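Here are the chains, one letter per residue:
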Amino acid sequence: MTRTQVALILVLVAACGSKKQKSDATAGSDGAATGSGSAVSNPAELAASYDTKCVGGDLEACRSLAILYTEGVGVTPDPKRATALFGQACNGGNLAACNQIALALSEGLGVDKDPAKAVEIYQRTCDAGHMLACRNLGLMLRDGRGVTADLERAATLLDKACAGNAPYACTNAGDLDATRARTATGSGAEPLWKAMLAHFQKGCDAGDATACRQLGVAYLDGRGLPKSTSAAGVWLDRGCRGDEPVSCRILGAMRVQGLGMPRDLDGGKKLLARACDRKDAEACTVLKTFDAGAGSGSAGSGDGSR
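Let me sum up the structure you'll find in this document. Remember, predicted model here, so these are calculated numbers, not experimental data.

A closer look at the overall build of the protein
Scanning the protein for helices and strands turns up 16 helices and zero strands. Out of the 306 residues in the protein, the part that is buried amounts to 48%. Accessible area for the protein stands at about 14,000 Å²; split by element, carbon and sulfur atoms hold 52% of it.

Here's the deal with the state of the cysteines
Here the structure, examined in full by the defined rule, presents seven disulfides. Disulfide pairing places Cys54 opposite Cys62 at an S-S distance of 2.0 Å. Judged by the sign of its S-S torsion, about 100 degrees, the cystine formed by Cys54 and Cys62 is right-handed. Across the pair, Cys62 and Cys54 agree in class, each one buried. Here Cys90 connects covalently by a disulfide to Cys98, the sulfurs 2.1 Å from one another. Its torsion about the S-S bond being 100 degrees, the disulfide of Cys90 and Cys98 is classed as right-handed. The pair formed by Cys90 and Cys98 is uniform in burial state, with each residue classed as buried.

Thoughts on the environment of Lys279
Along the chain, Lys279 falls in the loop between α15 (265–277) and α16 (281–291). With relative accessibility at 75%, the residue Lys279 sits in the exposed group. Once the C-alpha coordinates of Lys279 and Val246 are considered, the two residues, 33 residues apart in sequence, prove to be 10.0 Å apart.

Description of α16
By the burial criterion, the buried members of α16 are Ala283, Cys284, Val286, Leu287 and Phe290. Taken end-on, α16 shows its buried residues confined to a sector of 165 degrees, consistent with a single buried face. α16 presents Ala281, Thr285 and Lys288 as exposed residues on the side facing more than 90 degrees away from its buried surface.

A few points about the nonpolar core
Phe86 and Tyr122 are the most contacted members of the largest nonpolar core, which totals 45 residues. Within the residue set of this core, elements represented by two or more residues are α3 (43–55), α4 (59–71), α5 (79–91), α6 (95–107), α7 (115–127), α8 (131–143), α9 (151–163) and α10 (169–183).

Quick look at the packing of helix α12 (residues 209–221) against helix α14 (residues 245–257)
To describe two helices that pack against each other, one gives the angle between their axes and the distance between the axes. Contact geometry for α12 and α14: axes closest at 9 Å, N-to-C directions at 35 degrees. Note on packing geometry: the crossing formed by α12 with α14 is left-handed. Of α14, the residues touching α12 (which contributes Ala209, Arg213, Val217 and Leu220) are Val246, Ser247, Ile250 and Met254. Partitioned by chemical class, the residues of the contact of α12 with α14 number six nonpolar, one polar and one charged.

A look at the environment of Ala133
Relative to the helices and strands, Ala133 resides in helix α8. The exposure class assigned to Ala133 is buried, which follows from its relative accessible area of 0%. Ignoring sequence-local partners within four residues, the contact set of Ala133 consists of Asn99, Tyr122, Thr125 and Cys126.

As for the side chain of Thr125
Within the fold, Thr125 resides in helix α7. The class of Thr125 is buried, set by a relative accessible area of 3%. Setting aside residues up to four positions removed in sequence, Thr125 forms contacts with Leu95, Cys98, Asn99, His130 and Ala133.

As for the pattern of salt bridges
Working definition: two side chains of opposite charge can pair if their charged atoms are close together. Here the structure, examined in full by the defined rule, presents 14 salt bridges. Taking the shortest distance from any N to any O, the salt bridge between Arg223 and Asp221 comes out at 3.5 Å. Judged by relative accessible area, which is 13%, Arg223 ranks as buried. A salt bridge links Asp237 to Arg241, with the shortest nitrogen-to-oxygen separation between them at 2.7 Å. With Asp237 and Arg241 both in helix α13 (residues 229–241) and four residues apart, this pair spans about one turn of that helix. The class of Arg241 is exposed, set by a relative accessible area of 65%. One continuous salt-bridge network, built from bridges that share partners, spans Asp237, Arg241 and Arg255.

Looking at the packing of α12 against α13
Interhelical geometry of α12 versus α13 gives an angle of 165 degrees and a closest axis separation of 7 Å. Our classification of the angle between α12 and α13 gives roughly antiparallel. Crossing angle aside, the handedness with which α12 passes α13 is left-handed. Contacts between α12 and α13 involve Ala209, Cys212, Arg213, Leu215, Gly216, Tyr219 and Leu220 on the former and, on the latter, Thr229, Ala231, Ala232, Trp235, Leu236, Arg238 and Gly239. A breakdown of the residues in the contact of α12 with α13 according to their chemical character gives nine nonpolar, three polar and two charged.

Reading guide: rules and limits
- Residues numbered from 1 in each chain as written.
- Predicted model: local features only at pLDDT ≥ 70, side-chain atom pairs only at ≥ 80, totals over all residues.
- Heavy atoms only, no water.
- Helix = DSSP H or I, 4+ residues; strand = E, 2+ residues; numbered from the N terminus.
- Buried < 20%, exposed > 50% of the residue type's maximum accessible area, 1.4 Å probe, protein only.
- Areas by Shrake-Rupley, 256 points an atom, 1.4 Å probe, with all protein chains shown as cover.
- Disulfide = S-S within 2.5 Å.
- Arc of directions from axis to C-beta.
- Core = buried A, V, L, I, M, F, W, Y, C linked by side-chain atoms within 4.5 Å.
- Axes fitted to C-alpha atoms, helices over the stretch in contact; angles between N-to-C directions.
- Left-handed = near helix turned anticlockwise from the far one by under 90°.
- Contact = heavy atoms within 4.5 Å.
- Nonpolar A, V, L, I, M, F, W, Y, C, P; charged D, E, K, R; others polar.
- Salt bridge = Lys/Arg side-chain N within 4 Å of Asp/Glu carboxyl O.
- Parallel < 35°, antiparallel > 145°, perpendicular 65-115°, else oblique.

Structure representation (structure tokens):
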């Protein structure tokens, strides 16, 4: 493998680690409106159905109607109306609605922005057993939003949310494990690296393709385990199959270069094109580089594994 090719893979790995997790941006989501078993398919009729049920005291219908007002499905978008409905459902004991009220307060959606109040509501909702609120509270503590940053407490909450199967919590927990491991002294880093790997594997197995990619990158970097390009390829393939574009980009570059697997120029370029089609700008750049001939040199016949 040429020095240029090695440098290119290192750039790809470093770049993928610098991207902010998209899962952070979906921190408050409790999924689409589900209502109370309604079979109505027309959005306007669905909204009317939820409205009637909400007036009749169905708290989940109130929450579902709020989601429709948030997204403008079947109704005119109205963040204030959505927040009022979330509040109504939360006051009645609907924990998912309480989580979404906290999100509204943290982001200023239909209500004055108040991260400190959001932290209070997340805490109460987490204490009541809603794991997504525990995850969101962990992110607030991680970032110091509305509360003094506390990475140890954030890690505890994210681990709890991961164990409770909150979406993306395992990936968040693994990312925080890695952050803490990098600054740990002495033998303190080893258990954090192990925790990172366990969190990423649980997240990947739960269907979060970003966690699969993070495991692949861990094998490429040798973080918490010996380097292995062949093992990295296995996890990156899982991430790419889950439609995670950075996984497809790295795996595509590895196939073009024969790194950890037999060299496959056409197959690798298809993966790069797939990532590019999914708006991964770096994949588009790398694809152009290979098209210009940077990836045409021999990468050897070995599998590139450790």
